[in-house]
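Structural characterization, general
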Amino acid sequence: MTTTYAALLRGINVGGSRKVPMADLRTLMTGLGHGGVRTYLQSGQAVFTADHGDEESLAAELASAIEKQFGFTVDVIVRDHAYLKAIADNCPFPASELEPKQLHVTYFSAPVDAERFAEIDQAAYLPEEFRLGDRALYLYVPNGLGRSKLAEILSRPRINKGLIATSRNWNTVVKLVEMTGD
C-alpha cells in the first residue's frame with residue numbers, strides 16, 4: 001500500500017548556510033524510490049509517496065542520504081497525511097480568525113507532555129500562548145514569531161532535549177495537509 005507523507009527538514013537554506021536546493025532534494029528522494037516527490041518553498045518541506053517503511057525509518061533514510069550527498073547532518077521528521085490533517089483539525093486556537101504569521105506548529109519527533117514545559121510561566125508571556133497536541137506544540141504569537149519572547153523560551157535546548165523539533169507557520173501547516181491529501 002502506498003502512503004503519502006511530508007518530510008520536514010530542520011534548519012536548511014537559512015542565512016545562506018546548509019544549502020539543499022529543492023531540485024536536488026527531489027532528485028535525491030526519487031533516487032530513494034519515492035514517488036510523486038514535490039517540494040514546498042525553500043525552507044525544507046517535501047511531499048512524497050512510499051510503499052515501504054514507517055515515519056521513523058523514512059526520516060532516518062532521508063537524513064542519511066542528505067548527509068551523504070550534501071556533507072552535513074539535517075534533522076528530518078516524516079508524517080503522513082492523516083497525522084497532518086489531525087494536527088490542523090485539532091488546533092486549539094481559532095486559526096480561521098488569525099493571520100497565518102500569528103500561528104505556528106512545532107512538530108516533535110516523539111510525544112511530549114506538560115511536565116517538559118512546567119518551568120514556563122505562561123501567564124508571564126500573555127497574550128502569547130502555547131498548547132500541546134499529538135507530538136506537536138501550537139504557538140499563538142499575535143505580534144509574529146520574530147518578536148516572540150515565548151518562542152525564544154520554547155526553543156531552548158534544555159526544553160527540547162532528546163527531540164527533533166521543527167516549526168512551521170500556519171500557511172505551511174495547511175499547505176502540507178493539502179499536498180499530502182492529493
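Further up the page is the structure itself.
The structure reproduced in this document is the subject of the present report. (Residues numbered from 1 in each chain as written. Predicted model: local features only at pLDDT ≥ 70, side-chain atom pairs only at ≥ 80, totals over all residues. Heavy atoms only, no water.)

Once that is clear, we can look at the pairing of strand S7 (residues 136-140). Within a regular strand, side chains alternate between the sheet's two faces. Most of S7 is tucked away, with five of its five residues classed as buried. Side chains of S7 alternate between two faces, with Ala 136, Tyr 138 and Tyr 140 and Leu 137 and Leu 139 buried alike. Strand direction decides the pairing type here: strand S5 (residues 103-108) and S7, joined by five bridges, are antiparallel. Bridge pairing links His 104 to Leu 139 in S7. The antiparallel hairpin formed by strand S6 (residues 129-133) and S7 contains two residues in its connecting segment, where Arg 135 sits at a positive phi of about 55 degrees. (Buried < 20%, exposed > 50% of the residue type's maximum accessible area, 1.4 Å probe, protein only. Helix = DSSP H or I, 4+ residues; strand = E, 2+ residues; numbered from the N terminus. Pairing = 2+ DSSP bridges.)

On to the pattern of salt bridges, then. Scanning the model with the defined rule gives eight salt bridges in all. Notably, a salt bridge pairs Arg 158 with Glu 119, separated by 2.8 Å at the nearest N-O pair. With a gap of 39 residues between them, Arg 158 in the loop between helix H4 (149-154) and strand S8 (165-169) and Glu 119 in the loop between S5 and S6 connect regions that are remote in the sequence. For the pair Arg 158 and Glu 119, a shared accessibility class is recorded, and that class is exposed. One network of salt bridges, with partners in common, ties together Glu 55, Arg 79, Asp 134 and Arg 135. (Salt bridge = Lys/Arg side-chain N within 4 Å of Asp/Glu carboxyl O.)

What follows deals with the sheet that holds S6. Spatially, four strands are ordered S6-S7-S5-S8 in an open sheet, and the strand pairing comes out antiparallel. Both outer strands of the open sheet, S6 and S8, are each paired with one neighbouring strand and no more. Mean inter-strand twist for the sheet, computed between neighbouring axes without regard to direction, equals 20 degrees. Set on the sheet, helix H5 (residues 170-181) makes contact with S5 and S8; between it and S8 the angle comes to about 95 degrees. (Axes fitted to C-alpha atoms, helices over the stretch in contact; angles between N-to-C directions. Contact = heavy atoms within 4.5 Å.)

Attention now goes to the sheet that holds strand S1 (residues 3-9). With antiparallel pairing, the four strands of this open sheet are ordered in space as S2-S3-S1-S4. Each end of this open sheet is capped by a strand with a single partner; those strands are strand S2 (35-40) and strand S4 (76-80). Taken pair by pair, the neighbouring strands of this sheet meet at an average axis angle of 20 degrees, ignoring direction. With respect to the sheet, helix H3 (residues 81-89) is in contact with S1 and S4, its orientation differing from that of S4 by roughly 90 degrees.

This part takes up the environment of Pro 92. The topology assignment puts Pro 92 in the loop between H3 and S5. Its relative accessible area of 41% is what places Pro 92 among the partly exposed residues. Once the C-alpha coordinates of Pro 92 and Tyr 138 are considered, the two residues, 46 residues apart in sequence, prove to be 7.6 Å apart.

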